Amino acid sequence: MDKKFYVTTPIYYVNDKPHIGHAYTTILADVLARFHRSAGDKTFFLTGTDEHGQKVQRAAEKNNLGCQQHCDETVVRFQELWKTLGMTHDRFIRTTDAFHKEVVQKVLQDLFDRDLIYKAEYTGWYCVGCERFFTEKDLVDGKCPDCGRDVNEIVESNYFFRMSKYQDWLIKYIEEHPDFILPKFRANETLGFLRRPLEDLCISRPKSRLAWGIELPFDKDYVCYVWFDALLNYVSGVGYLQNEEDFKKWWPASCQLIGKDILTTHTVYWPTMLKAMDLPLPKTIFAHGWWLTGKTKMSKSLGNVVNPMDMIQRCGVDAFRYFLLAEMSPGSDASFTEEAFINRYNTDLANDLGNLASRALKMAVRNCNGVIPRPGNMQSEDTALLAMADAALVKMEESLANLALDKGIAAVLDVVRAGNRYFDAAAPWTLAKNGETERLNTVIYTVAEAMRRVAVLLDPVMPGKMKELRDMLGMDPELPATMESLHSKENVLSGRSVIDRGGLFMRIQLEDAAAEKGKKAGKKAEKPVNVVAPEELIDISEFAKVKLKTARVLTAERVEGADKLLKLSIEVGAEKRPLVAGVAQYYTPEEMVGKTIVIVANLKPAVIRGVESCGMLLAAKAGKRLALVTVEGDMPSGASIG
Ligand code: MSP
């Protein structure tokens with residue numbers, strides 16, 4: 001793998017709120033950046049916003065705001081969403097940043113001085129939606145060839161970049177560099193476009209028509225065409241003409257991610273601009289497909305745009321990231337439906353991954369005092385499972401190189417499914433009953449080791465949940481989960497104390513309406529899954545050991561330095577005791593006081609964050625929701641429950 005990795009996303013227009021298409025590209029870039037960091041590569045991840053041009057000016061006018069104020073207000077939506085989604089970009093560039101404007105002006109002046117930009121009268125057809133000029137022969141039935149909307153005829157003096165002179169060079173470059181435009185069929189599309197004569201590019205707009213842009217340094221009556229300004233973010237964002245040392249370190253970019261709709265600007269305008277600037281071209285421009293709603297293009301006018309926040313609230317950030325990456329194959333379009341989302345979540349994450357983790361941890365807690373045992377002699381089925389995990393690492397590395405992350409993820413999920421089958425076949429609960437301790441230890445170790453590898457391989461995709469999983473396996477969750485660690489055969493697990501926190505991924509039910517729709521369409525209803533696996537069944541005497549009681553909350557306060565914890569003082573009959581509960585993100589101290597709750601009264605006291613806790617309160621948890629278990633009617637504290 002490259003030792004340096006510089007990845008970019010398109011910069012997004014600040015004319016509306018971000019949607020799932022924007023989220024996808026940025027998550028893909030984030031996952032690539034995380035993988036490369038974990039492989040030890042020096043990595044830089046750039047994203048940002050495109051803030052000039054007619055689209056933004058119109059949006060500002062519609063909102064009755066000045067353009068800059070509109071940008072300042074809208075950019076926050078992107079920045080906040082990226083924060084929620086756990087993006088690890090190294091820089092967020094805005095094209096209204098002063099340093100960027102300065103770079104654009106320097107480039108324009110230099111090209112003008114070298115006669116690569118000239119002034120001429122121009123007649124063209126302009127599409128406001130696409131912000132692009134077309135010649136008469138470009139039009140399809142008199143409409144914009146890209147979006148099909150009406151175009152306006154415009155005659156005016158403008159400045160032009162001598163793009164045409166690079167046509168032959170560009171064709172040759174694309175033909176000689178098979179990795180420059182990926183997937184390959186997109187390179188063919190660009191070559192098809194280049195079969196017609198390439199014209200010079202109009203890079204100015206008269207201020208009389210559009211004032212919101214970067215002023216041309218050699219003519220104050222014009223601003224720069226928004227695409228010419230925007231594309232330069234990829235070099236200004238890493239120090240071009242400001243910090244040459246940084247720039248040399250990062251440029252040329254390793255991977256520039258774009259959507260298929262902006263192929264021409266990135267594979268024709270951008271390389272010819274770089275050539276004129278005497279700069280090398282990026283190694284790869286990768287054009288992904290579109291997210292469709294069902295089978296239809298997402299569009300505001302159809303009202304079918306998927307808002308990432310809705311899905312995140314429903315199932316959490318990690319599952320959202322996982323779905324987008326697992327579902328889309330490189331280059332092709334993908335379809336988003338709530339049903340597909342929930343089905344994949346329930347199958348891959350709740351049933352397969354969550355289930356394996358929970359079974360392995362429970363066995364370790366119950367049979368090995370919560371410590372991962374040292375394995376005995378490994379048998380062929382044990383080594384086969386770990387060999388599959390090794391193969392998944394190779395697959396993941398390959399899929400990173402050709403940006404087919406869905407394939408790498410599928411290979412990891414194959415390991416998870418094989419892990420569940422291995423567990424069923426090895427039946428550790430029977431081994432425990434028969435006292436076959438050595439074999440039991442080997443099975444528990446093998447599953448835990450497979451889980452550890454899964455937790456590292458999927459860490460860039462689901463950083464939050466995989467950290468949680470490593471924590472449950474007794475690994476230090478703060479230590480980076482490096483790919484490097486998977487190349488070693490060292491046993492790093494035996495002797496570690498596991499924590500079974502349960503429910504890594506809780507199943508979600510399809511909305512009744514959606515289930516109903518499925519039934520009508522003749523689809524099979526979802527198969528009910530067992531709430532409890534056979535090995536988890538306990539007999540009544542085991543349950544009788546747990547003393548559940550009602551308790552009244554007398555006081556409640558936050559635990560300093562722990563945003564999830566509340567310190568309660570509770571009354572259990574005649575007794576008063578302290579209890580620390582992880583409910584601070586769901587209940588305020590004020591809401592807790594006066595409640596009659598249910599506690600495990602015979603839990604050994606523990607000290608949590610320096611605070612003594614005697615007992616544990618019960619609460620129901622589903623996804624991101626939590627509700628306290630309480631009793632009906634007016635029960636006194638100290639009442640037994642059973
Ligand atoms: N500002 C330009 C990019 C300039 S880069 C120098 C732009 N902005 S955009 O906000 O309209 O789109 C940004 C990206 O989002 C594009 O790559 C576009 O393909 C992508 N998507 C917009 N809708 C999409 C889907 N429905 N699905 C997937 N990606 C899509 O273009």
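Residues numbered from 1 in each chain as written. Predicted model: local features only at pLDDT ≥ 70, side-chain atom pairs only at ≥ 80, totals over all residues. Heavy atoms only, no water.

Visitor: I'd like to hear about the sheet that holds strand S11 (residues 215–216), residue by residue, with values.
Guide: The sheet built from 3 strands is open, its strands ordered S10-S12-S11 with antiparallel pairing. With one partner strand each, in any of the chains shown, strand S10 (204–206) and S11 form the two edges of the open sheet. With 3 bridges connecting them, S10 and strand S12 (residues 219–224) associate as antiparallel partners. Looking at S12, one finds that Arg205 is bridged to Val223. (Pairing = 2+ DSSP bridges. Helix = DSSP H or I, 4+ residues; strand = E, 2+ residues; numbered from the N terminus.)

Visitor: Please set out the site of the ligand residue by residue, giving values where relevant.
Guide: In the vicinity of the ligand, 22 residues are found, and the nearest of them are Ile11, Asp50, Gly259, Asp261 and Trp291. In this structure, an oxygen atom belonging to the ligand sits 2.3 Å away from a side-chain N or O atom of Asp261. Taking 660 Å² as the accessible area of the ligand by itself, protein coverage stands at 94%. Taken together, the elements giving at least two residues each to the shell around the ligand come down to strand S2 (12–13), helix H1 (20–38), helix H7 (226–231), helix H8 (233–236) and strand S13 (255–259). (Near = heavy atom within 4 Å. Polar contact = N/O pair within 3.5 Å; in protein donor to acceptor, adjacent residues only side chain to side chain. Areas by Shrake-Rupley, 256 points an atom, 1.4 Å probe, with all protein chains shown as cover.)

Visitor: Got a sec to walk through the side chain of Asp30? Specific residues and values, please.
Guide: In this structure, Asp30 sits in helix H1. A polar atom in the side chain of Asp30 sits 2.6 Å from the side chain of Thr88. In contact with Asp30, not counting residues within four places along its chain, are Phe45, Gly86, Met87, Thr88 and Arg321. (Contact = heavy atoms within 4.5 Å.)

Visitor: Could you give an account of the packing of H1 against helix H12 (residues 317–327), naming the residues involved and the relevant values?
Guide: Two measures define how a pair of helices packs: the angle their axes make with one another and the distance between the axes. Between H1 and H12, the shortest axis-to-axis distance is 10 Å and the interhelical angle comes to 90°. With respect to each other, H1 and H12 are oriented roughly perpendicular. Along its contact with H1, which presents Ile20, Ala23, Tyr24, Ile27, Leu28, Asp30, Val31 and Arg34, the element H12 presents Phe320, Arg321, Leu324 and Leu325. Taken together, the residues of the contact of H1 with H12 break down into 9 nonpolar, no polar and 3 charged. (Axes fitted to C-alpha atoms, helices over the stretch in contact; angles between N-to-C directions. Parallel < 35°, antiparallel > 145°, perpendicular 65-115°, else oblique. Nonpolar A, V, L, I, M, F, W, Y, C, P; charged D, E, K, R; others polar.)

Visitor: Any details on unusual backbone geometry? Residues and values, ideally.
Guide: Residue Pro183 follows Leu182 across a cis peptide bond; omega there is -10°. Here Pro183 lies in the loop between strand S8 (181–182) and helix H6 (184–193). Note that the residue after Trp251, namely Pro252, is joined by a cis bond; omega there is 5°. In the Ramachandran plot, Ala427 falls in the positive-phi region, its phi being about 40° despite a non-glycine side chain. Tracing the chain through its elements places Ala427 in the loop between helix H15 (405–426) and helix H16 (428–433). In the Ramachandran plot, Arg609 falls in the positive-phi region, its phi being about 50° despite a non-glycine side chain. Relative to the elements of secondary structure, Arg609 occurs in the loop between strand S22 (606–608) and strand S23 (611–613).

Visitor: Can you tell me about the packing of aromatic side chains, naming the residues and giving the values?
Guide: Summed over all chains, the structure comprises 29 aromatic pairs. With a centroid separation of 6.0 Å and 65° between ring planes, the pair formed by Phe161 and Phe228 is classed as edge-to-face. Of the two residues, Phe161 is situated in strand S7 (residues 152–161) and Phe228 in helix H7; the sequence distance between them amounts to 67 residues. In terms of burial, Phe161 and Phe228 fall into one category: buried. With centroids separated by 6.0 Å and ring planes inclined at 75°, the aromatic side chains of Trp251 and Trp270 adopt a geometry described as edge-to-face. On the criterion of sequence distance, the pair formed by Trp251 in the loop between helix H9 (244–250) and S13 and Trp270 in helix H10 (residues 263–276) is long-range, its members being 19 residues apart. (Phe/Tyr/Trp six-rings, centres within 6.5 Å; stacked < 30°, edge-to-face > 60°. Buried < 20%, exposed > 50% of the residue type's maximum accessible area, 1.4 Å probe, protein only.)

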